[in-house]
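An overview of the molecular structure
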Amino acid sequence: MADVQALGGGTSALFVLESGFDIDAGTLGQAGRLFGRQAYAGLNTPYGRITAGHQNNLLYDILINYDAMAIAPRYSAFLMDSSLAGRYDNAAKYVGKFGGLTASAMYAFARGTSVTTGATSTITGETAGNARNDRAWSTALEYTTGNAGATIIYDQQQGTTGLSGQNPAQRDRRIAVAGSYAFARAKVFAGYRWLSGDIGSTPTVAARRNDLFWLGASYAFTPALTLSASAYVMNDKRSAQDPWSLVGT
């Protein structure tokens, strides 16, 4: 459910409420949340869009356009890094378009990590006196012109009190760089994601450091038939186990 109402002077108010529903079990998805997908309100202004609530992170907002598999839940870059399709609670987001350049920024006071204690699961919220707990923030630039597009994104998450091995001083940092080019019927994609993180690390569990690369292409045979293929390779600096995936649809 979504709506936009004009307020005058080039400004409009908007809201989005999305539920996830499991038709097999007849239950709500996303841990039983009523609006477990996106739920936010905001303003469109001549200087950009400002929204607040439960929102997609910038990695997903932008990289969906630079992955031949569109960051699908399976068989995409998401398979290698699930944070590429995250949603953040308690989040304020700004998106401004200036010609071919789009500038974005996002800050989540507590991104909403699920914490399980015994048989009870709770979603984290802001913690008084500890502004870093479960916090996340991102910035991004994207430039499109003609048939070409390119982006660079930075995303940082903090550790969460209550989860084993985590604390708010820990952080996962990601930098993604990607581009695409469209021909008459074909489109090619390329991307790289850098990760350095110590969330969940302990004296016996090393911090993470890995690189994810992908290449892909799609070809529209007809308006109703498009074939896509993509390759994903991860270089894990912590071990010799470097997973890869080849996908076609």
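In every chain, residue numbers begin from 1 and rise along the written sequence. Since the coordinates come from a predicted model, pLDDT governs what is reported: local features require at least 70, and pairs of side-chain atoms require 80 or more to be given and counted, while whole-chain, interface and lining totals use all residues. In computing side-chain properties, one takes all heavy atoms of the structure into account and sets aside hydrogens as well as water.

1. Examining the overall build of the protein
Strands are runs of DSSP state E lasting at least 2 residues, helices are runs of H or I lasting at least 4, and numbering of each runs from the N terminus. A tally of helices and strands in the protein yields 1 helix and 17 strands. Computed over the C-alpha atoms, the radius of gyration of the protein is 19 Å, within 12% of the 18 Å expected from 2.2 N^0.38 for a compact globule of 249 residues. Oriented by its inertia axes, the alpha-carbon framework of the protein measures out at about 55 × 55 × 40 Å. Accessibility here uses a 1.4 Å probe with only protein chains present; expressed as a share of the type maximum, an area under 20% marks a residue as buried, one over 50% as exposed, and anything in between as partly exposed. Scored against the burial criterion, the 249 residues of the protein give a buried share of 38%. Working rule for contacts: check all heavy atoms of both residues, and any pair within 4.5 Å makes them a contact. Considering only residue pairs separated by 6 or more positions, the protein has 50% of its internal contacts joining residues 24 or more positions apart. Radius of gyration means the value over C-alpha atoms here, while the globule rule gives 2.2 Å times the residue count to the 0.38 power.

2. Examining the environment of Arg-87
You can see Arg-87 is positioned in strand E7 (residues 87-98). Put simply, Arg-87 and Gly-112 are 25 residues apart on the chain and 8.4 Å apart in space, counted from C-alpha to C-alpha.

3. Remarks on the pairing of strand E17 (residues 244-248)
Look at any regular strand and the pattern is simple: side chains alternate between the two faces of the sheet. Only one face of E17 is buried, namely the one carrying Ser-245 and Val-247, since none of Trp-244, Leu-246 and Gly-248 on the opposite face is buried. Two strands pair when backbone bridges link them, and strand E16 (residues 225-236) and E17 are joined in this way by 5 bridges, in the antiparallel orientation. Across the sheet, residue Val-233 finds its bridge partner in E17, namely Trp-244. We treat two strands as partners when DSSP finds at least two bridges between them.

4. Brief notes about the side chain of Ser-245
Structurally, the position occupied by Ser-245 is in strand E17. Setting aside residues no more than four positions away along its own chain, Ser-245 makes contact with Leu-79, Met-80, Ser-230, Ala-231 and Tyr-232.

5. Comments concerning the side chain of His-54
Here His-54 is to be found in strand E6 (residues 48-56). Contacts described as polar in this section are N or O atom pairs within 3.5 Å, which, within protein, must combine one atom able to donate a hydrogen with one able to accept it, while residues neighboring in sequence count only if both atoms come from side chains. Polar side-chain contacts of His-54 include one of 2.4 Å to the side chain of Asp-89.

6. Topic: the pairing of strand E12 (residues 148-158)
Of all 11 residues that make up E12, 8 are buried, and the element is covered over most of its length. Judged from the 10 bridges that link them, strand E11 (residues 136-145) and E12 form a sheet pairing that is antiparallel. Considered in E12, the bridge of Thr-145 is made with Ala-148. Connecting the antiparallel pair E11 and E12 is a turn made up of 2 residues, with Gly-146 showing a positive phi of about 60°. Bridge analysis of E12 against strand E13 (residues 171-182) gives 11 bridges, and the strand direction is antiparallel. Bridge pairing in E13 links Thr-151 to Ala-178.

7. Some words on unusual backbone geometry
Positive phi, normally seen in glycine, also occurs at Ile-71, with a value near 50°. For Ile-71, a relative accessible area of 3% gives the class buried. Positive phi is not limited to glycine here, since Tyr-75 has a value of about 60°. Checked against the element boundaries, Tyr-75 lands in the loop between helix H1 (58-63) and E7.

Everything listed here is a matter of geometry and, on its own, says nothing about what the molecule does.
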